[in-house]
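Structural characterization, general
One-letter residues, chain by chain:
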Amino acid sequence: MVRTVTATLCFVLFTASAASAETKTYPLTTLEGTTNKEVVATPVVYKGQEGLHVTVSPEHKSIEEGGCDNCTFVALDGIDFANGTIEIEVAGKPTEGAPDWARGFVGIILRADLEADTYEGLYLRPLNATADTQIQRNRTVQYFAYPDHPWHVLREATPGHYESYAPIEVAEWTSMRIDVDGEELRLYLNGAETAALVVADLKLGADQHGTIGLFTEPATDAYFRNLVVTPRQAGFMAR
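Parameters at a glance
Residues numbered from 1 in each chain as written. Predicted model: local features only at pLDDT ≥ 70, side-chain atom pairs only at ≥ 80, totals over all residues. Heavy atoms only, no water. 1 Å grid on protein atoms, 1.4 Å probe; cavity = no way out; pocket = protein on both sides within 12 Å on 5 of 7 lines; lining within 4 Å. Points joined across faces, edges and corners; volume = space filled by probe spheres on them. Helix = DSSP H or I, 4+ residues; strand = E, 2+ residues; numbered from the N terminus. Nonpolar A, V, L, I, M, F, W, Y, C, P; charged D, E, K, R; others polar. Buried < 20%, exposed > 50% of the residue type's maximum accessible area, 1.4 Å probe, protein only. Pairing = 2+ DSSP bridges. Phe/Tyr/Trp six-rings, centres within 6.5 Å; stacked < 30°, edge-to-face > 60°. Lys NZ or Arg CZ within 6 Å of the ring centre and 35° of its normal.

Time to look at the layout of surface pockets. The gaps left among the atoms become clear once a water-sized probe is rolled over them. Looking at the largest pocket, its volume works out to about 480 Å³. As for the largest pocket, its lining consists of 19 residues, and the residues nearest its centre are Asp69, Trp101, Phe105, Trp151 and Glu217. For the lining of the largest pocket, the elements supplying multiple residues, two or more each, are α2 (134-137) and α3 (151-157). Class assignment of the residues belonging to the lining of the largest pocket gives a composition of 8 nonpolar, 4 polar and 7 charged.

Structure, rendered in structure tokens:
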């Protein structure tokens, strides 16, 4: 029994050490190692913290104009993420003079295969968190998968299934932790122990993998800092 417990403890310590050794931190204070996808990115100091300011490019065209939706982000070069944990701090607010539909969209692209143009994403609508109607509050957090499952397709097919409420603030730094394991994803905000959103059927499947991106939408000032990526083996959330 002692040998079994000791062996198990050694295995846990080794596993934790191995995971820690693979963890990579991206301060997001320069544009080195990034590729813009219909956005403009600039290093800034926001709320006393260094990071990147990201806005949608003036040349971007919406679906109505013959362009695309959910396709505006900064891609990070040299990452091939499949399963594990993504941690980052974000802040979002509507631009000055933005239309009423602008909600401060800010979030993360993950498992992005840029050659195939397929990826999944999570984003926040901070302005929705204090909206006057409950149904709009319930749309504070959003999951989508590009290109076949944009937010409006998911909402129409399964209302409320891929979005939820979260108590966040407009224009303030918000910490996101995203655990991804096969076809399951869990989003935690500001250190909470309870997930703000759980997606049990990621639309691109368990084998999808690729880079990570910094996502925003038109009429938004989005800010990003301190990205930490910890790859893990599939099945880690069930252990």
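After that view of the structure, there is still more to cover.
For strand β4 (residues 49-56), the tally of buried residues reaches 6 of 8 residues, placing the bulk of the element in the interior. Pairing of strand β3 (residues 39-46) with β4, which is carried by 8 bridges, proceeds in the antiparallel orientation. In the strand pairing of β4, alanine 41 is matched with valine 54. Hairpin remark: β3 followed by β4, antiparallel, with 2 residues in the connecting loop; positive phi at lysine 47, about 55 degrees.

Turning to the packing of aromatic side chains, a few remarks are in order. Here the structure, examined in full by the defined rule, presents 9 aromatic pairs. Look at tyrosine 46 and tryptophan 173: their rings are 5.7 Å apart centre to centre, the planes differ by 70 degrees, and that puts the pair in the edge-to-face class. Of this pair, tyrosine 46 sits in strand β3 while tryptophan 173 is found in the loop between β10 (163-164) and β11 (174-181), placing the two residues 127 residues apart along the sequence. On the basis of relative accessibility, which here comes to 17%, the residue tryptophan 173 falls in the buried class. Here tyrosine 46 and tyrosine 223 contribute two aromatic rings whose centre-to-centre distance is 3.8 Å and whose plane-to-plane angle is 5 degrees, an arrangement assigned as stacked. Highlighted residues: tyrosine 46 in strand β3 and tyrosine 223 in strand β15 (residues 220-231), separated in sequence by 177 residues. Under the relative-accessibility criterion, tyrosine 46 is labelled buried at 9%. Overall, tyrosine 223 belongs to the buried group, its relative accessible area being 9%. Taken together through their ring pairs, the aromatic side chains of Phe105, Tyr123, Phe144 and Phe215 make up a single cluster. Positioned over the ring face of tryptophan 173 is arginine 225, at 6.0 Å from the centre of the ring. A cation over a ring is seen here: arginine 232 above phenylalanine 236, with NZ or CZ 5.5 Å from the ring centre.

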